[in-house]
Amino acid sequence: MHQKASSSQSSAGFSGSGALSHVYIQYPPLRCSIPGARGLFYDDGNKLLLSPTSDQVFSWKTSPFAADVAPTFDSVNEGPILSVRHSLDAKFLAIQRSTNEIQFWNRETGNTFSQRCKSESESILGFFWTDCPTCDIVFVKTSGLDLFSLDSELKSLHLVESKRFNVSWYIYTHESRLVLLSSGMQCKSFTGYQLSSAGIIRLPRFEMAMAKSEANSKPVLAADDVHVVTVYGRIYCLQVDKVAMLLHTYRFYRDAVVQQGSLPIYSSRIAISVVDNVLLIHQVDAKVVILYDVFSDSRAPISAPLPLLLRGFSRAMTSSSQSSSKGAETSEAHGLNGTESVVYGDGWSFLVPDLICDTANGLLWKIQLDLESISASSSEVPSVLEFLQRRKLEAHKAKKLCLAIARTIILERRPVSMVARAIDILVTSYSYSIKTGSYFKGMRAEKSSSSGVPQVKKPSSTADVSASRADTHGKSVKYESSSGTRYESVKSSTYPASDSEDDMSTEPKKISSGNSPLNTDITGDQDSQVTSAAISPDEMYSFVFAPADEEMAGDSSYLVAIIVEFLRSANSEKIKVHHNLYVLIIQLLARSERHTELGLFIINKIIEPSKEVALQLLESGRQNIQTRKLGLDMLRQLSLHHDYVLLLVQDGYYLEALRHARKNKVNTVRPSLFLEAAYASNDSQHLAAVLRFFTDFIPGFKDTSDHNTYCRILAEMNSSVAV
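Each residue is numbered by its place in its chain's sequence as written, counting from 1. It should be noted that, the model being predicted, local features are given only for residues of pLDDT at least 70 and side-chain atom pairs only at 80 or more, the latter also being counted only at that level, while totals for whole chains, interfaces and linings use all residues. To obtain the side-chain values, all non-hydrogen atoms of the structure were used and water was disregarded.

### Remarks on the overall build of the protein
(1) Moving on: A run of H or I in DSSP becomes a helix once it reaches four residues, and a run of E becomes a strand once it reaches two; helices and strands are each numbered from the N terminus. Each helix and strand in the protein was counted, giving 17 helices and 35 strands.
(2) Moving on: Taken across its 723 residues, the protein has 56% of its residues classed as buried.
(3) Moving on: Any two residues having at least one pair of non-hydrogen atoms within 4.5 Å are treated as being in contact. Put simply, of all contacts in the protein between residues at least 6 apart along the chain, 60% involve residues at least 24 apart. Here the term buried applies to any residue with accessible area under 20% of the maximum for its type, exposed to any over 50%, and partly exposed to those in between, with areas from a 1.4 Å probe on protein chains only.

What follows is the structure, given as structure tokens:
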């Protein structure tokens, strides 16, 4: 496996869940140790970890990651194994037997055939399967590329095309469909091809920057010093310059490869991971991890370097000890021995995007982010919120953290300008998720596909990242992944797309009008469930503003100012705000007797009219007639005639209510309410007028008990007046 790590046997970095870390691996790992195994190979085209023996190939599914997954196996002939991969449709198994022969097994029929180099002067560096319409498999040789189509019936490969040039070593990622071919004395000249479902595209030839040593010698670039990753749907190449102690970054475009700056490194041995579009740079010698979010223009790390930790191990060991004392044998009682609990050990190989394979002990770990620890490590609230809103793998946790942060900065009475900036970030993110449809998808499971054949769509999107690498020494791990790519120019955005269904893509900055970015599609194998971290106005009310109102004491003007900023931001994004928030702001203003301001809020439409708002105005207007009048007027403007008439009657304006009811044909209010109000006024003329109104305009009213009752009452009132 590639990316050999430190030989130090220090176990620093392993700790319980309470230790400070931004990145961790969770116990238990996937155990993939097979007696007689001849190494471990990673086929990320099918998300499989492969372990061949003399006559079998064992396979473990790595996505979704599960420590208890059982292996499957294929029976093969004995012989040397330099590399092994399944075809994208999982029907064939290809094994590189030597530097000039690759053998193929039909997994359904058991038939085999071999393909050899025609010339003894060339050798096979490696191979990869592709979904390109013109070919099925590509051999990378020291003399260039051979593109073959597979004829399963004739049990042979048909040569489609050859591309001739000298190759020292190569890197391939199936997720990007991009192969980089190194050449030259320093191995710093590169030719690139993208072989996708859209066809074959050749990238411009380019050279990587390398600093000269003090002795003016010319260092040679190794395959382990070059990494191809995909972050936010963009394809990057990361190159380690050990002399300058820099990590150079390049971005691929259709007709250009553009260097986009350099990041400092503090170790001569560097490993790269990508977790949820966060770039992890492992400083192997220092045994720490530095995190970068390349979506932002800043080259500063997300937080300070911290070690990689193993979590859950101490609890597992305790359980193991207790089980051993009882003589019980459990799967967790095995624990980890001394060599297995070594951070960055000799056998560690980092499988892009987020796996670590311990080849020496037969363990597979999955790297995870501690979002809570990352968010707590920075005082820059807007930056933390932007970071959390871009997270997809643990979107539910990211949303909870964003809500907690927003609530906290309000309770701490941070400056309104700072809180307004935080609110703008959350509102913009929600607006973006509404436009792309990701918010309404909620929790959904991505379809699993072993072949991961993508289709080119207009915009690009984010994907899991995997890499493939091989060198002239035949290293034992090769990588493939499962998503497609394409070239095209895209518009910039604050929040990236999470998957192909979102139909969105992003670009950090415009390089030139002629360069279209090389981006990736996620239409492949991704078993993880995806949600959106975006926060709706209803959630802002329920989990931020309402709790803040309950906990904040004293003058409510600060909370009112914050809510107004939220309304401004929502209005700028044309987002509808739930009436509960308007009701809350009315309560706050009325509580502090700021009725004049409340009136201005209503008149200037800062508070949107609704029945709930009108009723709250009526409730809050019990001590202020002007506020109550605003509520009545709002009911009338909203054509809520039943409620308007009912409230007029309750306030004693029954004659006005009758006129309004007749004008707007309101027949849902019981006549007895009007009659009771007229009788309560002790005015016989008014009672007579109301009786006459209902007698004239309601058919059959004379036959009701109300008519008889109030006619008798009216007669009694008139007789008492006559006496």
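So much for the structure itself; the text now carries on.
### A few points about the pairing of strand β14 (residues 156-164)
(1) Moving on: If DSSP finds at least two bridges between two strands, the strands pair. In this sheet, β14 lies alongside strand β13 (residues 144-151) in antiparallel orientation, the contact comprising eight bridges. Bridged to Leu-150 within β14 is Leu-157.
(2) Moving on: Linking β13 to β14, which pair antiparallel, is a turn of four residues; within it Lys-155 sits at a positive phi near 55°.

### Concerning the pairing of strand β27 (residues 308-311)
(1) Moving on: Of the two faces of β27, the one holding Leu-308 and Leu-310 and the one holding Leu-309 and Arg-311 are both buried throughout.
(2) Moving on: Pairing between strand β1 (residues 23-26) and β27: four bridges, direction parallel. Within β27, the residue paired with Gln-26 across the bridge is Arg-311.

### Observations concerning the environment of Leu-635
(1) Moving on: Structurally, Leu-635 is set in helix α12 (residues 625-637).
(2) Moving on: Separated by 10 residues in sequence, Leu-635 and Val-645 place their C-alpha atoms 9.5 Å apart.

### What to know about the nonpolar core
(1) Moving on: Among buried residues, those of type Ala, Val, Leu, Ile, Met, Phe, Trp, Tyr and Cys that are joined through side-chain atoms within 4.5 Å constitute a nonpolar core. Counting 109 residues, the largest nonpolar core has Ile-410, Phe-545 and Phe-674 as its most contacted members.
(2) Moving on: With nine residues, helix α4 (residues 395-411) is the largest single contributor of residues to this core.
(3) Moving on: Among residues more than four places away in sequence, those in contact with Phe-545 are Ile-410, Met-540, Leu-559, Ile-562, Ile-563, Phe-566, Leu-581 and Leu-584.

### Notes on the packing of aromatic side chains
(1) Moving on: To pair, rings of Phe, Tyr and Trp, with the six-membered ring standing in for Trp, must have centres within 6.5 Å; the planes then decide the type, stacked if under 30 degrees apart, edge-to-face if over 60, and tilted in the middle. According to the stated counting rule, one finds 18 aromatic pairs in the structure shown.
(2) Moving on: Relative to Phe-148, the ring of Phe-139 lies with its centre 4.8 Å away and its plane at 55°, an arrangement referred to as tilted.
(3) Moving on: Aromatic ring contacts, followed pair by pair, group Trp-169, Phe-190, Phe-206, Tyr-250 and Phe-252 into a single cluster.
(4) Moving on: Look at NZ for Lys and CZ for Arg. If either is within 6 Å of the ring centre and within 35 degrees of the ring normal, a charge sits over the ring. The side chain of Arg-85 reaches across the aromatic face of Phe-127, ending 5.3 Å from its centre.

### Brief notes about the sheet that holds strand β7 (residues 83-86)
(1) Moving on: Across the sheet, four strands lie side by side as β7-β8-β9-β10; this open sheet has antiparallel pairing. Of all the strands in the sheet, the pair left with one neighbour each is β7 and β10 (112-116). Between one strand and the next, the sheet's axes are offset by a mean angle of 20°, whatever the strand orientation.
(2) Moving on: When strand β9 (residues 101-106) meets β10, the two strands line up antiparallel, connected through five bridges. Pairing of Ile-102 across the sheet is with Gln-115, part of β10. Fitted lines through C-alpha atoms serve as axes, helices being fitted only where they are in contact, and the angles separating the N-to-C directions of these axes extend from 0 to 180 degrees.

### A look at the packing of helix α14 (residues 654-663) against helix α15 (residues 671-680)
(1) Moving on: Contact geometry for α14 and α15: axes closest at 10 Å, N-to-C directions at 150°. In terms of their interaxial angle, α14 and α15 are classed as roughly antiparallel. The two elements α14 and α15 cross, and the hand of that crossing is left-handed. Where α14 abuts α15, its residues Tyr-654, Ala-657 and Leu-658 lie against Phe-674, Ala-677 and Ala-678.
(2) Moving on: Put simply, Ala, Val, Leu, Ile, Met, Phe, Trp, Tyr, Cys and Pro go in the nonpolar bin, Asp, Glu, Lys and Arg in the charged bin, and everything else, Gly too, in the polar bin. The class makeup of the residues in the contact of α14 with α15 is six nonpolar, no polar and no charged. Working rule for angles: under 35 degrees goes down as roughly parallel, over 145 as roughly antiparallel, 65 to 115 as roughly perpendicular, anything else as oblique. Note: crossing handedness is left-handed where the near helix turns anticlockwise from the far helix by less than a right angle, and right-handed where it turns clockwise.

### Remarks on the packing of helix α3 (residues 381-389) against helix α5 (residues 416-436)
(1) Moving on: Look at α3 against α5: their axes get within 9 Å of each other, and the N-to-C directions meet at 10°. Here α3 is positioned roughly parallel relative to α5, judged by the angle of their axes. Viewed along their axes, α3 and α5 form a crossing whose handedness is right-handed. Facing α3, whose interface residues are Val-381, Pro-382, Leu-385, Glu-386 and Gln-389, α5 presents Met-418, Arg-421, Ala-422, Ile-425, Leu-426 and Ser-429.

### Topic: the environment of His-86
(1) Moving on: Relative to the elements of secondary structure, His-86 occurs in strand β7.
(2) Moving on: Placed 42 residues apart in sequence, His-86 and Phe-128 show a C-alpha to C-alpha distance of 9.4 Å.
(3) Moving on: Excluding residues within four positions of it along the chain, His-86 makes contact with Asp-43, Asn-46, Leu-48, Leu-50, Ser-59, Asp-74, Phe-92, Leu-93, Arg-107 and Trp-129.

### Section: the confidence of the model for the protein
(1) Moving on: Here the protein averages 81 in pLDDT, and 81% of its residues register 70 or above.
(2) Moving on: By mean pLDDT, strand β32 (residues 469-470) is the weakest element of the protein at 36, and strand β12 (residues 137-141) is the strongest at 96.
(3) Moving on: Think of pLDDT as the predictor's per-residue confidence, scored from 0 to 100. Note that pLDDT drops below 50 for residues 2-18; the model gives that stretch 57 contacts with residues more than four away or on any other chain.
(4) Moving on: Low confidence marks residues 443-493, where pLDDT is under 50. Its contacts with residues over four positions away, or in another chain, come to 247 contacts.

### A short note on the pattern of salt bridges
(1) Moving on: Any carboxyl oxygen of Asp or Glu that lies within 4 Å of a side-chain nitrogen of Lys or Arg is treated as forming a salt bridge with it. A complete count under the given rule lists 25 salt bridges for this structure.
(2) Moving on: Connected via shared salt-bridge partners are Glu-122, Lys-141, Asp-146 and Arg-164.

### Some remarks on the side chain of Gln-115
(1) Moving on: Tracing the backbone through its elements, the reader meets Gln-115 in strand β10.
(2) Moving on: Excluding anything up to four places from it in sequence, Gln-115 contacts Asn-100, Glu-101, Ile-102, Phe-104, Phe-139, Phe-148 and Leu-157.

### Points about α5
A turn of α-helix holds 3.6 residues, and therefore any two residues three or four places apart point the same way.
(1) Moving on: The terminal C-alpha atoms of α5, which comprises 21 residues, lie 30 Å apart, in line with the 30 Å expected from a rise of 1.5 Å per residue.
(2) Moving on: Remark: Gly-437 follows α5 within two positions and exhibits a positive phi of approximately 85°. To estimate the expected span of a helix, count its residues, drop one, and scale the result by 1.5 Å.

### With respect to the side chain of Ser-189
(1) Moving on: Secondary-structure assignment places Ser-189 in strand β17 (residues 189-196).
(2) Moving on: For Ser-189, a relative accessible area of 10% puts it in the buried group.

### Points about unusual backbone geometry
Both trends apply: most residues other than glycine have a negative phi, and most peptide bonds are in trans.
(1) Moving on: Each neighbour pair has its own omega, and for Tyr-27 with Pro-28 the value is 0°, a cis peptide bond.
(2) Moving on: Checked against the element boundaries, Pro-28 lands in the loop between β1 and β2 (30-31).
(3) Moving on: Looking along the chain, the bond that leaves Ser-63 and enters Pro-64 is cis, with omega of 0°.
(4) Moving on: By the element assignment, Pro-64 lies in the loop between β5 (56-61) and β6 (72-75).
(5) Moving on: A positive phi angle, near 55°, is found at Cys-187, a position not held by glycine.
(6) Moving on: Within the secondary structure, Cys-187 sits in the loop between β16 (178-183) and β17.
(7) Moving on: The buried category is assigned to Cys-187, whose relative accessible area is 9%.

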